[in-house]
Each structure stands twice: as C-alpha cells, then as structure tokens.
Amino acid sequence: MGITVSKNQWMNVAMVAFAMCFIVFSSNYFDEYSVRILNNIAIFIILAVSYNLINGVTGQFSLEPNGFVAIGAYVTALLLVSPEAKQYQYAIVDPYPFVMTLHANFVVALLLSGIFAALLALALAAPVFRVRGDYLAIVTLGFGFIIKILAINNPEITNGSLGLNDIPEFSNLYWTGGIAIIAVIVILNIVNSKFGRAMKAVRDDEDAATAMGVNTFKAKTLAFCTSAFFEGVGGGLLAALLTSISPDLFDFFFTFQLLIIIVLGGLGSTTGAIIGTVLVIGGSEWMRFLDEPMHLFGYTTTAMPGMRMVVFSLILIFIMLFAREGIMGKRELKDFFTSRKKGEK
Amino acid sequence: MILKIDNVTKNFGGVTAIKETSFSVAPKEIFGLIGPNGAGKTTMFNIITGNYEPSSGQVIFRGEPMDGLKPHQIVRKGIARTFQNIRLFSSMSVLDNVLIGFDFQARYGFLESIVRFPRFIKEEKRIKVRSMEILDYFGMASFAHEKAVDLSYGQQRKVEIARALATNPELLLLDEPAAGMNPSETEELGVIIKKARNDFDLTVLLIEHDMKFVNQMCDKVLVLDYGKTIFEGKPHEAIQDPEVIAAYLGDFHND
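What counts as what
- Residues numbered from 1 in each chain as written.
- Chains lettered and ligands numbered in written order.
- Predicted model: local features only at pLDDT ≥ 70, side-chain atom pairs only at ≥ 80, totals over all residues.
- Heavy atoms only, no water.
- Helix = DSSP H or I, 4+ residues; strand = E, 2+ residues; numbered from the N terminus.
- Rg over C-alpha atoms; globule rule 2.2 N^0.38 Å.
- Contact = heavy atoms within 4.5 Å.
- Areas by Shrake-Rupley, 256 points an atom, 1.4 Å probe, with all protein chains shown as cover.
- Pairing = 2+ DSSP bridges.
- Axes fitted to C-alpha atoms, helices over the stretch in contact; angles between N-to-C directions.
- Left-handed = near helix turned anticlockwise from the far one by under 90°.
- Nonpolar A, V, L, I, M, F, W, Y, C, P; charged D, E, K, R; others polar.
- 1 Å grid on protein atoms, 1.4 Å probe; cavity = no way out; pocket = protein on both sides within 12 Å on 5 of 7 lines; lining within 4 Å.
- Points joined across faces, edges and corners; volume = space filled by probe spheres on them.
- Core = buried A, V, L, I, M, F, W, Y, C linked by side-chain atoms within 4.5 Å.
- Buried < 20%, exposed > 50% of the residue type's maximum accessible area, 1.4 Å probe, protein only.
- Domains from an automatic or database assignment.

Now for the overall build of chain B. Along chain B, the regular secondary structure elements total ten helices and ten strands. A compact globule built from 255 residues should have a C-alpha radius of gyration of about 18 Å, and chain B, at 19 Å, falls within 12% of that. Along the longest, intermediate and shortest principal axes, the C-alpha atoms of chain B span 70 × 40 × 30 Å. Long-range pairs, those at least 24 residues apart, make up 66% of the contacts in chain B with a sequence separation of at least 6. Only carbon and sulfur atoms are counted for the fraction: they give 50% of the accessible area of chain B, which is about 11,400 Å².

Moving on to the sheet that holds strand β4 (residues 56-61) of chain B. All names here are of chain B. Here we have four strands laid out as an open sheet, ordered β2-β1-β4-β5, and antiparallel in their pairing. Unpaired on one side and paired on the other, β2 (15-25) and β5 (64-65) mark the two borders of the sheet. Strands β1 (3-12), β2 and β4 of the sheet are contacted by helix α1 (residues 41-48), whose axis makes an angle of about 115° with β1.

Residues and elements named next belong to chain A. One way to put it is that helix α6 (residues 106-128) packs onto helix α12 (residues 216-242) with a least axis distance of 7 Å and a crossing angle of 145°. Viewed along their axes, α6 and α12 form a crossing whose handedness is right-handed. The class makeup of the residues in the contact of α6 with α12 is 19 nonpolar, five polar and no charged.

Right, let's talk about empty space enclosed by the protein for a bit. Vacant regions in the atomic arrangement are exposed by a probe of water-molecule size rolled over the atoms. Scanning the model with the defined rule gives one cavity of 30 Å³ or more in all. A volume near 50 Å³ is recorded for the largest cavity. If you list the elements that add at least two residues to the lining of the largest cavity, you get α11 (206-211) of chain A together with α2 (71-77) and β6 (79-81) of chain B. Among the elements that make up the lining of the largest cavity, the one with the highest residue count is α2 of chain B (three residues). Among the residues making up the lining of the largest cavity, the classes are represented as five nonpolar, three polar and one charged.

Counting residues in each nonpolar core, the largest one holds 140 residues, and the members touching the most others are Phe68 and Ile245 of chain A. Among the elements that line this core, the one with the most residues is helix α2 (residues 32-57) of chain A, at 16 residues. For this core, the two domains that each supply at least three residues are domain 1 (1-78 + 169-255) and domain 2 (92-166) of chain B. Those residues in contact with Ile245 of chain A, other than ones at most four positions away along the chain, are Ala73, Tyr74, Ala77, Leu162, Gly163, Leu164, Ile167, Ala239 and Phe250 of chain A. Core analysis: the next-biggest nonpolar cluster, separate from the first, contains 25 residues, Ile2, Met66, Ile79 and Ile207 of chain B among them.

Everything listed here is a matter of coordinates, which is why it stays silent on function.
Right, dumping it as structure tokens:
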C-alpha cells in the first residue's frame, strides 16, 4: 500500500489552506474592529470545539468550561505580566514572592495553561465521573463556581476581584486562528480514531460500551482532559487578547454561551460547533444595527438598546424548533459529500 | 471446563436472586440457561460479565477466578455478551458498531492517533478489514455504512452478535437471542449461531424462552426456578421433567 490521498483528505487540505489564506488576508486588509471580532470567533472556536468533545461527542453533560478557561487565563496572565507591572497592580495584599518571579514567553505560557488545566481535569475525573447525567452537570457547575471563588479569595496570587491588568497583547489573528486550526484538526483526529469511537459509544449506551471491552472511565477522562487542555489554551489566548482579566469574566454565563453555541451547531458535530461559534459570536456583533434607530417603510424608530438580543433569541428559538438536533445534528461536513456519493456506488 | 460457576449466591437486600448455584460449561458446548421469568437467569449473566458481584461463590473462566474484575476487563479475558433488548450504538454506522469491539485490540496510542502515525493507519486498516470480514460472515457487509438503528430487528440482532464476536471471545453469552423474531428469522439465527460456534471456536451460553429453539440448539440445559437449580441435563429430558413442568405451568397436584 503506497500513500494514497483520498478525495476527503484533499478536501481537508484545501480547507486548511483556505482558512490560512483567510487569516493572512483578514489580518492585513480588515479594519481593527473586524479583526477583533474574528479573534473572538477564533478563540471561541477553540473553546466550542473542545467543549463539544466532552459534552457532545462523549455525551457527558458537564458545565465546567468557565473554570478551565479561567485557569488558563490566569496562568497565562501570571506568566506574561512583567514584574514591574505586577509591582503596582497588587493593591489588596502583597503577592507571594514566587508570583513575582513567574515569567515565560507566549508559547510556553499557553502550553502551561493547557497542561495545568488538563492536569486539574485529570485529578477531577475520578470524583466527577462517579456520577452521570444531571448529577454530573451539578458537580461540574460547582467546579466552575469554586474556581471563580478561589480567584476572588486568593489575592496573593490573583489580585482578587481587581484581576490582572497590563497583560501584553500577544494574541493576534495568526495566533488565535492558527491555534484554532490546530485544535480543530487534533479534535477531529481524536474523533475519527478508536478513542473517538469509544467516546461516541459511551454517549450512545455506556453499559453496552463496557460490554464491548471499552474502558468507559478512560474514554471519558481522555475527552475531559483534552477538552480542558484546549479550554486552558483558549483562556490564555483570551487573556492575551483582552489584556486584563478579572474573576467576573468567567462566571456561569461564559459556559452558558458555549453551551448555546454547541447546541445550536448540533451536539456532537465539530463542524456544527464552528458554525455555531460564527453565528453566536459573529451574529451578536453583526446585529448591532438593530439597537440603533432604523428607517423602515418611511417610519423612523427610536434607538432600542437590547433589540438585537430579542431578535437573536427569536432566531435561536426558531432554529431549535425546526432543527431539534441543532444545525448540523451529529453530522460533519464530510458526511454531506459521502452521502451524495452513495447513489453512484 | 471453560466456565465454572462455583456455588454462586446473589442477594439483593432480602431477596435471594440466585441460591448456591453451580454448573460447568464445556468448551464448544451450546449451553442453555432456562427458567420462568424472575428465575435469576439474567442475574447469572450479569454475575458472569462482572456487572454484579456475587454475594458468595466464584466464577472461574479457563481456570482463572474472575473475582473483582470490572466488566470491561472480563470482556478482554474472552467473555462477550449480547443484550435482551438490542443495545446497538444508535448514532453510529453498522461498521462503527463492530469496530467498537476492536477498541482494546487496536494497538496505537492517543498521541499516535492525533498525529496520524503510520501505525495508526495500519491498525485502523487492519481492524476495518477484520470488521468487514465479520459483517460479511453474517451477510451484513452491504449494510456496513447504514445506521444501525435503520435496520430490521433481525438484522440488528445479527449486528449485535457480530459486534460481540469482534471482541474475539471464547465464551459468548446470548440473552434471549430469538426474542421478538419470527419463526423463519429464529431458524436462520439458530443456523448462524451453530455455524459461528464451529468457525469461531466458540462456547455459547444462552438464555431463551423459546423451547423449540432451545431443543434444537442446546447440548445441555440448566433450569433455574427462583434462583435454585431444578434440572441439569439434555434439553429433551428437561421438558419431560416433572419439576420443570411444575415450575413453568404451576404445580397442580399440591393445591
């Protein structure tokens, strides 16, 4: 068997190339505002695709991403903020001495953010996966709260509710977009391997999966840790994009937004998670015109702040009414091409 | 003896589901576990597969006690099962369902799958070829890319057995394989199980209510009633045994 490249693989290569061209083009020619939205979209693609791995692919209804994103953001921030900037930031109490010495370059900071989050996920997996279904949601929800509270109540490290500022703005579209591409490829490769099959089997019927010799705890832990890793990296990118972080940023609403994205796109579909991100993160920006005064059929309406959220919610409701399983269901983009080919066979 | 059940008792609170039951299954035997509803047959299956821990007694497979092993570890030792109500992975294709059986037999690591090492590609190819062979054996190869839930009941039953065989078992546990099937499907299933027994070197332990099927299939049967063994021997003798008849139809004489 020589190296045969299937049509599918060519399509993947073409899509990665297209995404790269788009990143280069938009960071050179788009205005600052658009680039900022694209940065947000890229980071949320990383988060949504990895959250989808545990929640959609493995079917473990967990509500913890805000916790892992917060950890990633804080680790990156602590490693990137210069000692001089740290000196004047800690207003509540003096930081621990080791906080002052923490320093690393951007790549190392991001990697450490991911690894730190993944290790914590590994430690959490044993207690968390003792429970299933609704109970799992409650346990993981609690984890998100705990991280936020820890961030507030340990000002020696995190500067408490004031948060960390003056984080160097390292994130740009090359970083966020590039890592988003890597995250999507890595997660698709996991999904299309025995590990991904085991995760899907756990989602469909955990007992039957066990009866096939699948170590379901291992499958869930792998999904959880991979998901946490990319959530940590995403958190790091977010910190280096916003340049300042505080515990309030990572409350439950953050998780909730990701949940909307993956449910809208289709639980279990990586393509769906990407589409969902573009629609939710991009859509809420593009619909800003709805908040402003409008001229309709000769009438002029006054400015209605919040109108876009009303319209956005209506669109969400309609999509969920007519596509119960989300836009993509459990399908991926390639399924549309393969199903069309079946007729020829 | 490939499987030895040694004096197994299982209590659920105050209820004794299985009481001091012992039996042995010889290699390549088709062994029937029969009895009225609530006799403890499925409980016995769950003890063998490690889903339940016996309250006392032991399960010995190929001379090795199975104490304390988790269900997925027992599968890896060579005991596979099917379920009473078919439990295929509903979102997955027929091929993917069978591929799950190869989960622990595919030799590549997590990082190898992420960067698509040559070994990943080789192993994936190997298990796909093996899965297609098994599906082909059951005449299901042309359905490989269909969703498992879109198949007929009889076809799903075959996929479930194919999936169990993918784990490369020596002992196959079938929980009511003929349930919900029409007579011609049952007949076909019987032929397949007997053929697979020879071709895959299997020992089969099955639970079944269809006595005609049991009579045709089984070399030996064990009849349970309220967790107690009331008969062990040839199937055609079982249906003439007064105690077995009493268990199934009620004991008219003592009323």
